Amino acid sequence: MGGPAMRTSQKDFNNAVNQVKLLKEDPGNEVKLKLYALYKQATEGPCNVPKPGVLDFINKTKWDAWNALGSLSKEAARQNYVDLVSRLSASSESPSPEAPAADRKQPESDTLVVTSEDGITTIRLNRPTKKNALTNQMYHDIMAALQAASKDESVITVLTGSGDYYCSGNDLTNFASVPPGGLEEMARRGAVLLRDFVNCFIDFPKPLVAVVNGPAVGISVTVLGLFDVVYATDRATFHTPFSHLGQSPEGCSSYTFPKIMGSSKAAEMLIFGKKLTAQEACAQGLVTEVFPDGTFQKEVWARLKAYSKLPPNTMRISKQIIRNRERETLHTVNAEECRVLRERWQSDECMNAIASFLSRKAKL
Ligand SMILES: CCCCC/C=C/C(=O)SCCNC(=O)CCNC(=O)[C@H](O)C(C)(C)COP(=O)(O)OP(=O)(O)OC[C@H]1O[C@@H](n2cnc3c(N)ncnc32)[C@H](O)[C@@H]1OP(=O)(O)O
């Protein structure tokens, strides 16, 4: 999966620098300051010039922004710069008129089912015989579904699963077919896919709700920290067995989990792979509310239908005011988690764990 290739090339960076000059809208001082700081970090490394005097307001503000990036590597700064510019470019393009949600083209495969009703767009993982494990195609389909939902006329977007599982995480057979570039190329591609996938959750503009209909594993758990509300059946469990797999946390969980549940509870999950019951996950703030399995679907959908009648713009604005302050931080965390995972995917510990799963020796 993905590579230094997470590594942005000098050419990508130079293109992004030129693209900034072509933005149709002024991105505002805060973003310009961020661009300045990332540019300096990417080209000169950590801030190495004396702090301007207190009365030199403009230069002091710029210095503060650069200095705040600490020891962020030149490579990560370049990547963040390119990511930020690409988001700015995308948002300054006029949105293309979207087809009504009901008419929306379905994903190519039937492993994801997207429906829209009563102001709610539902994205349903539909691979129950494999516990809704996520294939590479499903990551792409989910991203496309989120993009479409962000622009359709629905008010709330829901992610849920078919069958007895919510999702068993990354399909470990994604690792089974090594491309011509070898393991390194596989890691490079994976890191790019993961980064883009998680970015879609970070940037999703409408209320996003997880309806966790059963056990959840891996990435389906970690991205929950990026949802606005998480409803779970009392049958659900929450498991992030990264160490067992020779892998490291993703989905921004290295940042959101300690923030949600405190660092030691987060460590027990993310380092030691402790599996939480739904009640435990609720007590720790990862889950909003737990429902008895027998009435789960009825109660949750009734509640969501009632919420979908609330004024849509107000809900969207409220979500954004809650989330926007942290958006850049989350993008930085995501990029760093992907960079680290790219290395882990090439490690013996990871390869052995996956080989072991594929040869049926291990069940988590
Ligand atoms: C590019 C982005 C990468 C993002 C990085 C993401 C990281 C992660 O998500 S890490 C977590 C990965 N997931 C796992 O390690 C779970 C592996 N699966 C299991 O441990 C178990 O299957 C189980 C606990 C989820 C369910 O056990 P059980 O109830 O006994 O059911 P089965 O094992 O018989 O499963 C039925 C069927 O489904 C296949 N399957 C389940 N999960 C996965 C999976 N994650 N990847 C691939 N296949 C999976 C399982 O192999 C069975 O298949 P068949 O034997 O062909 O019926």
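Heads up: the structure comes first, above all this text.
Let us look at the structure shown here. Computed from a predicted structure; not experimentally measured.

Some remarks on the overall build of the protein
Line of reasoning, step 1. When its secondary structure is counted, the protein shows 14 helices and nine strands.
Line of reasoning, step 2. In terms of C-alpha radius of gyration, the protein reaches 21 Å, essentially the compact-globule figure of 21 Å for 364 residues.
Line of reasoning, step 3. For the protein, the residues scored as buried account for 49% of the 364 residues in total.
Line of reasoning, step 4. In the protein, once contacts between residues fewer than 6 apart in sequence are set aside, the share between residues at least 24 apart is 76%.

Quick word on the sheet that holds strand β4 (residues 208–212)
Line of reasoning, step 1. Spatially, the six strands line up as an open sheet ordered β1-β2-β3-β4-β6-β9, and their pairing is mixed. Each edge of the open sheet is held by one strand with a lone partner, namely β1 (112–117) and β9 (289–291). Each strand of the sheet is rotated relative to its neighbour by a mean of 20 degrees, with strand direction disregarded.
Line of reasoning, step 2. Sheet strands in contact with helix α5 (residues 136–151) are β1, β2 (120–125), β3 (156–161) and β4, and its direction is about 180 degrees off that of β2.
Line of reasoning, step 3. Strands β2, β3, β4, β6 (229–233) and β9 of the sheet are contacted by helix α11 (residues 296–307), whose axis makes an angle of about 160 degrees with β6.

Some points on the nonpolar core
Line of reasoning, step 1. Core analysis: the biggest nonpolar cluster contains 64 residues, and Y166, V198, F201, V212, L224, F227 and F238 have the highest contact counts within it.
Line of reasoning, step 2. Residue contributions to this core peak at ten residues, all from helix α6 (residues 182–202).
Line of reasoning, step 3. Among all residues touching F227, those that are not within four sequence positions of it are L159, Y166, F201, L208, V209, A210 and R323.
Line of reasoning, step 4. Listed in part, the 21 residues of the second largest apolar core include W63, A65, W66 and L69.

Details of the sheet that holds strand β5 (residues 216–217)
Line of reasoning, step 1. In space, the three strands of this open sheet follow the order β5-β7-β8, with mixed pairing throughout. Edge positions in the sheet fall to β5 and β8 (276–277), since each has one partner strand and no second.
Line of reasoning, step 2. Strand direction decides the pairing type here: β5 and strand β7 (residues 237–239), joined by two bridges, are parallel. Its bridge partner lying in β7, A216 is registered against F238.

Here's the deal with the environment of L304
Line of reasoning, step 1. By secondary structure assignment, the location of L304 is in helix α11.
Line of reasoning, step 2. Placed 41 residues apart in sequence, L304 and S263 show a C-alpha to C-alpha distance of 32 Å.
Line of reasoning, step 3. Excluding residues within four positions of it along the chain, L304 makes contact with I120, I156, V158, V209, V211 and Y231.

Quick word on the pairing of β4
Line of reasoning, step 1. For β4, the tally of buried residues reaches five of five residues, placing the bulk of the element in the interior.
Line of reasoning, step 2. On β4, burial covers both faces: L208, A210 and V212 on one face and V209 and V211 on the other are all buried.
Line of reasoning, step 3. With four bridges joining them, β3 and β4 adopt parallel strand pairing. Note that in β4 the partner of T160 across the bridge is V211.
Line of reasoning, step 4. Of the crossover connections in this fold, the one passing from β3 over α6 to the parallel β4 is right-handed.

Focus on the environment of N67
Line of reasoning, step 1. Here N67 lies in helix α3 (residues 57–67).
Line of reasoning, step 2. On a C-alpha basis, the gap between N67 and L183 in space is 36 Å, while along the polypeptide they are 116 residues apart.

Regarding the packing of aromatic side chains
Line of reasoning, step 1. Taken as a whole and judged by the stated rule, the model has nine aromatic pairs.
Line of reasoning, step 2. With 4.9 Å between their ring centres and 90 degrees between their planes, Y139 and F197 make a pair best called edge-to-face. Taken together, the residues Y139 in helix α5 and F197 in helix α6 connect sequence positions 58 residues apart.
Line of reasoning, step 3. Each residue in the set Y139, F197, F201 and F227 is aromatic and connected to the rest through ring pairs, giving one cluster.
Line of reasoning, step 4. Over the ring of Y36 we find K62, and its NZ or CZ is 4.8 Å from the ring centre.

Comments concerning the state of the cysteines
Between two cysteines, a covalent bond joining their sulfur atoms is known as a disulfide.
Line of reasoning, step 1. A full pass over the atoms with the stated rule returns zero disulfides.
Line of reasoning, step 2. Here C167 stays free of any disulfide, with the sulfur of C200 as its closest cysteine sulfur at 16 Å.
Line of reasoning, step 3. C338 provides the cysteine sulfur closest to C200, a residue in no disulfide bond, and the two sulfurs are 12 Å apart.

Some remarks on the packing of helix α8 (residues 253–261) against helix α13 (residues 327–344)
In helix packing, the relevant descriptors are the interaxial angle and the interaxial distance, both defined with respect to the helix axes.
Line of reasoning, step 1. Two elements in contact, α8 and α13, have axes whose closest approach is 9 Å; the angle formed by their N-to-C orientations is 125 degrees. Here α8 lies oblique to α13, going by the angle between them. Between α8 and α13, the residues in contact are S253, S254, Y255 and T256 and T329, L330, V333 and E337, respectively.
Line of reasoning, step 2. Taken together, the residues that form the contact of α8 with α13 break down as three nonpolar, four polar and one charged.

Looking at α6
Line of reasoning, step 1. The first and last C-alpha atoms of α6 sit 30 Å apart over 21 residues, in line with the 30 Å expected at 1.5 Å per residue.
Line of reasoning, step 2. The element α6 is extensively covered by neighbouring structure, given that 15 of its 21 residues are classed as buried.

Quick notes on the rules
Residues numbered from 1 in each chain as written. Predicted model: local features only at pLDDT ≥ 70, side-chain atom pairs only at ≥ 80, totals over all residues. Heavy atoms only, no water. Helix = DSSP H or I, 4+ residues; strand = E, 2+ residues; numbered from the N terminus. Rg over C-alpha atoms; globule rule 2.2 N^0.38 Å. Buried < 20%, exposed > 50% of the residue type's maximum accessible area, 1.4 Å probe, protein only. Contact = heavy atoms within 4.5 Å. Pairing = 2+ DSSP bridges. Axes fitted to C-alpha atoms, helices over the stretch in contact; angles between N-to-C directions. Core = buried A, V, L, I, M, F, W, Y, C linked by side-chain atoms within 4.5 Å. Right-handed = clockwise from strand over helix to strand, strands pointing away. Phe/Tyr/Trp six-rings, centres within 6.5 Å; stacked < 30°, edge-to-face > 60°. Lys NZ or Arg CZ within 6 Å of the ring centre and 35° of its normal. Disulfide = S-S within 2.5 Å. Parallel < 35°, antiparallel > 145°, perpendicular 65-115°, else oblique. Nonpolar A, V, L, I, M, F, W, Y, C, P; charged D, E, K, R; others polar. Expected span 1.5 Å × (residues − 1).

Scope: geometric values only; no functional claims are made or implied.
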